[in-house]
Amino acid sequence: VLWGIVGSRHARFASFLKGPAHVLRYARTLGQRDSAPSPGHNPLGAMAILLMLGMLAVQAATGLFASDELAYFGPWNGAIPAEWAETLTTVHKINGQLIPWVIGLHLLAISWYAARKRQNLIGPMITGRKAGSRIAQADGIPSDRTVLALVLAALVAGGVWAVVALAPPPPMPDGLF
């Protein structure tokens, strides 16, 4: 999410999030083999990114409070009423079952783009550079953001550690003193 705010130009949410009319207009071109690739995310790819980031955020947040009622309790499980924890555990389980389906759909879309539109989307996901786009070749990625990405990754890792480390101690099981 941080990378979508401060990352390279075409990775920023502001560069690829468009309104519903733009998404519908783009969807009408899906059957065309010869459509020029966009320099960044296409509108449907942008929707997929939002969906996957949202689902991962829900999974991480509910996992802090979830419980399997046997051996695992999320680090913040004891900080909320049991009824809330049960609801969040249910959301966590359902969302966890949906995530692989959404990822699978995303992989199918990538495969379809490769087969139908002859667009390689895997390389640009890794490198941040998309060949064949006239705009991308003229515009390009102005600077290397590797150091920024590593700093952000370290900050996020520190934040995750702090959230877990600062969790209250788990409650004592019933029947123990």
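Structure: see above.
Residues numbered from 1 in each chain as written. Predicted model: local features only at pLDDT ≥ 70, side-chain atom pairs only at ≥ 80, totals over all residues. Heavy atoms only, no water.

K.L.:
Whenever I open this one, the overall build of the protein chain confuses me. Can you help?
P.N.:
Looking only at helices and strands, one finds 8 helices and 0 strands in the protein chain. Along its sequence from the N terminus, the protein chain presents helices and strands in the succession α-α-α-α-α-α-α-α. Each of the 177 residues in the protein chain was classed as buried or not, and the buried ones make up 25%. Considering only contacts within the protein chain whose residues lie at least 6 apart along the sequence, 64% involve residues at least 24 apart. Here the protein chain displays about 12100 Å² of accessible surface, and carbon together with sulfur accounts for 70% of that area. (Helix = DSSP H or I, 4+ residues; strand = E, 2+ residues; numbered from the N terminus. Buried < 20%, exposed > 50% of the residue type's maximum accessible area, 1.4 Å probe, protein only. Contact = heavy atoms within 4.5 Å. Areas by Shrake-Rupley, 256 points an atom, 1.4 Å probe, with all protein chains shown as cover.)

K.L.:
In this structure, what is going on with the side chain of T62? I would like to understand it.
P.N.:
Relative to the helices and strands, T62 resides in helix α4 (residues 43–63). When its relative accessible area of 7% is taken as the criterion, T62 is described as buried. For T62, the side chain forms a polar contact with the main-chain oxygen of Q59, separated by 3.4 Å. At 2.9 Å, the side chain of T62 forms a polar contact with the side chain of H92. Those residues in contact with T62 that sit more than four places away from it in its chain are L88, V91 and H92. (Polar contact = N/O pair within 3.5 Å; in protein donor to acceptor, adjacent residues only side chain to side chain.)

K.L.:
Can you walk me through the packing of helix α3 (residues 20–27) against α4 in this structure?
P.N.:
The geometry of a pair of packed helices is captured by two quantities: the angle between their axes and the separation between those axes. The interhelical angle for the contact between α3 and α4, taken along N-to-C directions, is 125°, at an axis separation of 8 Å. Accordingly, the angle class assigned to the pair α3 and α4 is oblique. Only P43, L44 and M47 of α4 make contact with α3, whose side of the interface consists of H22, V23 and Y26. Among the residues making up the contact of α3 with α4, the classes are represented as 5 nonpolar, 1 polar and no charged. (Axes fitted to C-alpha atoms, helices over the stretch in contact; angles between N-to-C directions. Parallel < 35°, antiparallel > 145°, perpendicular 65-115°, else oblique. Nonpolar A, V, L, I, M, F, W, Y, C, P; charged D, E, K, R; others polar.)

K.L.:
Explain a nonpolar patch on the surface here, please?
P.N.:
A grouping of V1, L2, I5, V6, V156, V160, V163 and V164 is seen on the molecular surface, where their side chains present a nonpolar patch of about 650 Å² in accessible area. Of all the elements in the fold, those that place two or more residues in the nonpolar patch are α1 (2–6) and α8 (146–165). Broken down by element, the nonpolar patch gets its largest block of residues, 4 residues, from α8. Mapped onto the elements, V163 comes out in helix α8. (Patch = residues over 30% accessible without salt bridge, like charges linked within 9 Å, V, L, I, M, F, W, Y side chains within 5 Å. Salt bridge = Lys/Arg side-chain N within 4 Å of Asp/Glu carboxyl O.)

K.L.:
I tried to follow α4 on my own but got confused; where do I start?
P.N.:
Owing to its 3.6 residues per turn, the α-helix brings residues three or four apart onto one side. Look at α4: 30 Å from first C-alpha to last across 21 residues, which is about the 30 Å you get at 1.5 Å a residue. Among the structural elements, α2 (13–16), α3 and α5 (82–116) are those in contact with the buried residues of α4. The backbone nitrogen of L44 has a side-chain oxygen 2.9 Å away, supplied by the residue at the start of α4, namely N42. (Expected span 1.5 Å × (residues − 1).)

K.L.:
Where do I start with the packing of aromatic side chains in this structure?
P.N.:
To describe a pair of aromatic rings, one takes the distance between the centres and the angle between the planes. Evaluated as defined, the whole model comprises 2 aromatic pairs. An angle of 65° between the planes, with centres 5.8 Å apart, marks the rings of F13 and F16 as edge-to-face. Of this pair, F13 and F16 both sit in helix α2, 3 residues apart, roughly one helical turn. Residue classification places F16 among the buried residues on the basis of a relative accessible area of 3%. With centroids separated by 5.5 Å and ring planes inclined at 85°, the aromatic side chains of W112 and Y113 adopt a geometry described as edge-to-face. The partly exposed category is assigned to W112, whose relative accessible area is 34%. (Phe/Tyr/Trp six-rings, centres within 6.5 Å; stacked < 30°, edge-to-face > 60°.)

By themselves, these observations are geometric and do not establish any function.
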